Every structure is written in structure tokens, then in C-alpha cells.
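Here's the letter readout for the chains.
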Amino acid sequence: MAHTSEQVLEGLADIVNEIAGIPTEDVQLDKSFTDDLDVDSLSMVEVVVAAEERFEVKIPDDDVKGLKTVGDAVDYILKHQG
Amino acid sequence: MNATNRTVVVTGIGATTPLGGDSASTWEGLIAGRSGVRPLEQEWAAELPVRIAASAAVEPGEQLPRPLARKLDRSAQFALIAAREAWADAGFEGRAGDEGNQVDPDRVGAVVASGIGGVTTLLDQYDVLREKGARRVSPHTVPMLMPNSPSANVGLEVNARAGVHSPVSACASGAEAVGYAIEMIRTGRADVVVTGGTEAAIHPLPVAAFANMMAMSKNNDEPQRASRPYDTARDGFVLGEGAGIVVLESAEHARARGARIYCEALGQGLSADSHHIAQPEPTGRGIAAALQNLLDSTDLKPAEVAHLNAHATSTPQGDVAEIKALRKVLGDELDHVAISATKSMTGHLLGGAGGIETVATVLALHNRLAPPTINVDDLDPEVDADVVRDEARQLPQGTIAAVNNSFGFGGHNVVLAFRTV
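Residues numbered from 1 in each chain as written. Chains lettered and ligands numbered in written order. Predicted model: local features only at pLDDT ≥ 70, side-chain atom pairs only at ≥ 80, totals over all residues. Heavy atoms only, no water.

Caption draft 1: Here's a closer look at the side chain of B:His307. All names here are of chain B. Along the chain, histidine 307 turns up in strand β9 (residues 305-309). According to the relative accessible area criterion, histidine 307 is buried, its value standing at 0%. From its side chain, histidine 307 meets the backbone oxygen of alanine 338 in a polar contact 2.9 Å long. Setting aside residues no more than four positions away along its own chain, histidine 307 makes contact with Val337, Ala338, Ser340, Ala364, Ala370, Pro371, Leu395, Ala401, Ala402 and Val403. (Helix = DSSP H or I, 4+ residues; strand = E, 2+ residues; numbered from the N terminus. Buried < 20%, exposed > 50% of the residue type's maximum accessible area, 1.4 Å probe, protein only. Polar contact = N/O pair within 3.5 Å; in protein donor to acceptor, adjacent residues only side chain to side chain. Contact = heavy atoms within 4.5 Å.)

This is how it looks when you write it as C-alpha cells:
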């Protein structure tokens, strides 16, 4: 079943909270993973793997570089979800 | 003193051990003669010949924020907790170079050792690989399992830029780290070095492996009585976990900032047995050489030595070889040395041992109190030395020195010396 953009944002907020300890309400579409949310390149791999599992989507390594903000990730997941 | 022979002092201490989550509770436990050995309640332990260990008194995950803790192997968690305590105890706030911290990061070092490194991370991630597949292996695996990870994380914590090092020599690793740190300051490479040892290897694989070497006590029925250095009924060591860290500083730097000085860190003596990969050399030849090297390379006088924190792991061979070596080098001067085998209480922390025993040695000098060696019901007649038994013992007034011994599989011998100021 397809997820709505609200559900994807909420799911990413949970993941970022678990991995980086950022409060879920601070995980907003315009936030940069590295600059605003304390997600370094290694932790970004964790975020991606957790998102793949949660939203049943494949995010190839080459595409991860394009995911700068939470909004980028939400758009990508909405576009590619099964 | 010239730039290549500077005086080194201890200005901060920190620990998290089987006896307590900080150095104060650890010291209290040591002086009270409390055992930190407990039964292993985990399911995996049921199948093993050894079902006891000196596990940490406080879970490290409770002392660190979760996002940080999950990126650190347990060994690095212990190291970071102890290092934070030691750094604050030395009177430092924030990282070197931060506003309010006058220390030059280019003059700060970190030398923290582990004997085994991130073994639980390695084994846990191997389980993930087999059970869930390659994609699920944590991207933090390598920085977590590398044996220099505790040192690197402590270095990051304090902003150490003079050098971050991690000597590895099995159970001598922690002491070798402290010796290396003393040299960094003595020779002018750094003014402040955070140093010590850490270990977290209570996992079925290391426990099974050590047990199969016949190195561990199998006294599962009486955990608190299992670690018994120098007792005739000793049957091997008890595995412990945790970390001990000290802040070393050039005397000049410490005095300039008005720091509290615990004692002087005099230097180290090193040697290797070249005898067997795991068995101690029975006459103590290598240990004697290390102690002699310490006496030759520092101004330590045997008459000053009032206390010795022995390596004494509670193995039949090793405990006696160490005493023989001490007698050989010190002769009658050994008679006024109060010997404590604190592993009787903490268990054996492998690469962490040199760290927490450095903390214990420094506190023994500072408080002029030698911790007891517990469980010596029947002193081995071959132990021809003054072992502090049952209760802590007051050390003499005036200038006194203490020696801390650590030896490791591979034949590594490290002897450290400290002296009151």
C-alpha cells in the first residue's frame, strides 16, 4: 500500500530520532540531514537502510547522494515506493 | 630539566569498573575489599565451562546519550565515560581550544589501549550478516571494531592533535599506553595526554576461548571467591570489563594552571619474554628485566617503593613468577613493599587492567592506603613477599613510590612507577 507524504515524513522523523537523537518535531522537509540533523555520511546509510525497510523501496547508493534534505528523501520515496 | 626529560604528573582520574561507575565508587570498593565478580545470567553462559565474570557495575549505555552510544563499541563507551570523568577531574571544561579552555589542542594527546578491540561489535555484526544479509551490516562496524577506536574517540572528545595512539599488547596494553603517554610528555611531544586502558570482551566466544586455554577460574559456585591471587587454591583469572583513564601532564603545565597534582608519573620499564606465546616465563626473567630497566631509566630508588599493584591474575604459574622477579631485582628492599593484587576484586580487565590499576596505584599513593588482596585464605608458600591481605593498609608518610605491573600474552612486560610529590 502506498504511503502518503505525511506518513513518509513521520516515518523518517522516527528513524532520524532513533539514529541521531533529534526530536521528531525538528525533522522537517527543509532540513538538511548533514547540516541540521547531525546525520553524517555513515549514519545516512543507516537512515537509508531503515527507510528501505519501512517503506519497501530500494534506494541505490548512487541515488543517496541526491538526498540532501528530508524533503528530497520524502519525494524520492513517494516516487519509488512499490 | 631540559625539553627531553620533563617531569610528568597525574592531574585527573576516571574509571568505570566492576566495582563502580566512577573512580570514587571503584576506590571505595577496592578499599572495602569488595568483589565485583558475579554469575553470568545470560542464556549463552549456561553451556560454557565458565559462568562467572566481573561485569561492569553500571551499564555504559546508561551513562551516554543513546545516539552516541549506538555508534560506539562497548569498549569505547567505557573509555569515553572514564575519560570524561578524568578530563573534568583534571579541571578541564569543554574541548581543548574551546572558549574557557586554555589548553592548546596541538599539545594534547590521547593514548588509550584495548587488548582485543571491538570484539562484540565484530561478532554481533557477523550475526547480522548471516541472519539479515549484507545490506543490514552497520556502516559503523569498522570504526566501532578497530582497536584504536577507544583512543580515537577519546581524542575526538578532548580535541587531541599532538597524537592519538593505541599500543596493543594483550593484557599489558593499558599499561603500555600509560607508558607511551608518559614518554610523549617527557620528551616534549605533548603537554597533556589522556591515557589508560579499556576492555569489553564478556561474550561467549572470548569466554569459551580463554576457558579452553585453561586460563580461567571455573569456580562457578562461589563467584566472589573465584579470583584469588596468591592463594594455594587459585585456578585461573576471572574476566572483567571496564576502563581506567588518567590525565597526565607536564609538571610545568600543571603548575602554571594551578592544577591539583595527585603524584608524579616517573616512567616505565619494558621487556619481552621471548619464551612462549601465552605461558609466563617461569623464572620471571623478563619481568625482572623490565623492572631493572625502570630503575635504570628513572631516578626511582628501591628504598622509596612502599606499594606495588601486582599483575597477579590468579593463575598458578604467573603469580609466582612475578614475585620471584621482584625478589630478584629488589632483594631485601621487597620486604617494605605492600603488595596488592586488586584483580582479586575487579577480575582481569585484559587491556583495561593497566588502566584501572594505574588509577588504583595513583589513588593508593594519594590516599596513602594500599587496597587489600581478598580471598587469600592460604598464602602460597612460594609467595615470598608482603601481601596486603583482608584489609586495606596505611602506607608510610614522607616521599613514597608505587609500582604497577602488567604483563600480556605474547610475553610483553610493562612496569610503571609513580611517586608522591
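Caption draft 2: Region of the structure containing the UniProt feature "domain: Carrier" (unreviewed entry) in chain A. The UniProt record marks residues 6-81 of chain A with the feature "domain: Carrier" (unreviewed entry), using the residue numbering of this structure. Overall, residues 6-81 of chain A shows 64% helix and 0% strand. The separation of its end C-alpha atoms is 14 Å. (UniProt positions renumbered as here; feature names shortened; annotations may be inferred.)

Caption draft 3: Main features of the interface of chain B and chain A. Across the boundary between the two partners, chain B contributes ten residues, which contact 16 residues of chain A. For the chain B and chain A pair, buried surface summed over both sides reaches about 1100 Å², with 41% attributable to carbon and sulfur atoms. Together, B:Arg70, B:Arg135 and B:Pro139 form the three largest contributors to the area buried by chain B at its contact with chain A, with a combined 51%. The interface formed by chain B and chain A includes five salt bridges. Its salt-bridge partner being A:Glu46, residue B:Arg70 comes within 3.2 Å of it at the nearest N-O pair. Split by residue class, the side of chain B that touches chain A holds three nonpolar, two polar and five charged. (Buried area = accessible area lost by both parts, 1.4 Å probe. Salt bridge = Lys/Arg side-chain N within 4 Å of Asp/Glu carboxyl O. Nonpolar A, V, L, I, M, F, W, Y, C, P; charged D, E, K, R; others polar.)

Caption draft 4: Looking closely at the nonpolar core. All names here are of chain B. The biggest cluster of nonpolar side chains holds 43 residues, and the ones touching the most others in it are Val10, Leu248 and Phe418. Among the elements that line this core, the one with the most residues is helix α7 (residues 173-186), at seven residues. Of all hydrophobic cores here, the second largest spans 30 residues; its members include Leu291, Leu326, Ala385 and Ala417. (Core = buried A, V, L, I, M, F, W, Y, C linked by side-chain atoms within 4.5 Å.)

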